[in-house]
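Summary of the model geometry
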Amino acid sequence: MQNLPRVPIAFLPTPVEPLSRLSSHLKGPALYIKRDDLTGLAFGGNKARKLEYLMAEAKAQGADLVVTAGAVQSNHCRQTAAAAAQAGMRCILVLTGDKPNSFSGNYLLDSLLGVEVVWSTRANRERDLKQTVERAVAEGRKPYLVPYGGSSPTGAAAYAYAIQEVMDLLPTPDTIVFASSSGGTQAGMVVGARVYGYTGKIFGISVDEKSEVLKERVARLAGETAQLLGENLTFSPDEILVNDDYLGKGYGIMGDPERNAIRLFASIEGMMLDPVYTGRAGAGLVDLIGKGFFKKDQTILFWHTGGTPALFAENYSASL
Ligand SMILES: *Cc1c(COP(=O)(O)O)cnc(C)c1O
């Protein structure tokens, strides 16, 4: 597999820890956790891995400005803003949703990182992103557009490489479970699994899409990522494992399942999950174990993708 240009940003490899007390409490399979919440870059998360390759691409293109989009409490936007600051580039975030009355969580960090914010809505996001880039070009700047969630083939490639960190683990995990959304993490993982020969399952718990939509997106992005890495591989949506039973009331809406999972992981393991992604995936994992979905003699690796600053977002902390 080809090595893409990389800016060292993340603390890698991330640690793996057993969740023994949670495993016994649930009377389920052996649980381990992969700590991508500890990648560094303004409080960690999976976007730090992707940004190593995205920022290398931005630099190669001579960019002096990074533009991306996300929700008000987007972890992707926060980590992109931090990567831009570290690289001495400016950053414009197109944020969707209502402008909050105060600064908290990721939005506070965005502000400390010195970003410029353009307010938008989910429906107008693509248009506003395009206009923001065009305006910057007209002003004589050299913008680099980071796609939603950092999920271009360049960003996704980071998770293909990340599978190398799993190949050394003993016991080898039978299944990797994680929160899947824009699909870059999962697409990268399935490419890495094929290339490095990981034969376990790669099981995404969808945070905001029906499984048909996400499977399709992951399969397509995986094919493109493989191409970029010089691997002639194709992926069909049928081989992508996605569970969409835990969408609740929709993206970013924390309900009892997320709240209970956050409290369980914290109180029994001292482990922090987040209200949007890992709380939802954690809730799914706990529920699936309760239903006997995984065999007791199996080993499950829960890949913590970060997001913990959202715990301190006013709208979530008030109802945790
Ligand atoms: C972005 C994000 C995800 C989802 O990753 P994708 O590559 O977009 O599927 C999961 N967890 C956290 C905390 C994230 O910020």
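Values in this document were obtained by computation on a predicted structure and should not be read as measured data.

The rules behind each value
- Residues numbered from 1 in each chain as written.
- Predicted model: local features only at pLDDT ≥ 70, side-chain atom pairs only at ≥ 80, totals over all residues.
- Heavy atoms only, no water.
- Helix = DSSP H or I, 4+ residues; strand = E, 2+ residues; numbered from the N terminus.
- Expected span 1.5 Å × (residues − 1).
- Buried < 20%, exposed > 50% of the residue type's maximum accessible area, 1.4 Å probe, protein only.
- Near = heavy atom within 4 Å.
- Polar contact = N/O pair within 3.5 Å; in protein donor to acceptor, adjacent residues only side chain to side chain.
- Areas by Shrake-Rupley, 256 points an atom, 1.4 Å probe, with all protein chains shown as cover.
- 1 Å grid on protein atoms, 1.4 Å probe; cavity = no way out; pocket = protein on both sides within 12 Å on 5 of 7 lines; lining within 4 Å.
- Sits in = over half its atoms within 2 Å of the grid points.
- Nonpolar A, V, L, I, M, F, W, Y, C, P; charged D, E, K, R; others polar.
- Axes fitted to C-alpha atoms, helices over the stretch in contact; angles between N-to-C directions.
- Parallel < 35°, antiparallel > 145°, perpendicular 65-115°, else oblique.
- Left-handed = near helix turned anticlockwise from the far one by under 90°.
- Contact = heavy atoms within 4.5 Å.

**Notes on helix 7 (residues 184-196)**
- For helix 7, built from 13 residues, the straight-helix expectation of 18 Å at 1.5 Å per residue is met to within 8% by its first-to-last C-alpha distance of 18 Å.
- Of all 13 residues in helix 7, 10 are buried; the element is thus mostly enclosed.
- Taken as a whole, helix 7 has its buried residues at G184, T185, Q186, A187, G188, M189, V190, V191, G192 and A193.

**Here's the deal with the site of the ligand**
- The ligand sits among 16 residues. The nearest are K47, K50, S182, T185 and T305.
- Within the backbone of G184, an N or O atom sits 3.4 Å from an oxygen atom of the ligand.
- Protein contacts shield 98% of the accessible area of the ligand, which totals 380 Å² for the unbound molecule.
- Most atoms of the ligand, that is more than half of them, are within 2 Å of grid points of the largest cavity.
- Taken together, the elements giving at least two residues each to the shell around the ligand come down to helix 2 (47-60), strand 7 (175-180) and helix 7.
- Grouping the amino acids of the shell around the ligand by side-chain chemistry returns 2 nonpolar, 12 polar and 2 charged.

**Brief notes about the packing of helix 3 (residues 75-87) against helix 4 (residues 105-112)**
- For the pair helix 3 and helix 4, the least separation of the axes is 9 Å and the interaxial angle reads 20 degrees. With respect to each other, helix 3 and helix 4 are oriented roughly parallel. Seen from above, helix 3 lies across helix 4 with left-handed handedness. Residues N75, C77 and R78 of helix 3 lie in contact with helix 4, whose contacting residues are N106, L109 and D110.
- Residues that form the contact of helix 3 with helix 4 fall into these classes: 2 nonpolar, 2 polar and 2 charged.

**Concerning the environment of P171**
- For P171, the position within the fold is in the loop between helix 6 (153-167) and strand 7.
- Classification of P171 as partly exposed rests on a relative accessible area of 40%.
- Separated by 129 residues in the primary sequence, P171 and I300 place their C-alpha atoms 9.8 Å from one another.
- Not counting residues within four places of it along the chain, the set of residues in contact with P171 comprises Y32 and T299.

**Considering the side chain of S23**
- Along the chain, S23 turns up in helix 1 (residues 20-26).
- With residues up to four places along the chain from it excluded, the contact list for S23 reads G28, P29, A30 and L31.

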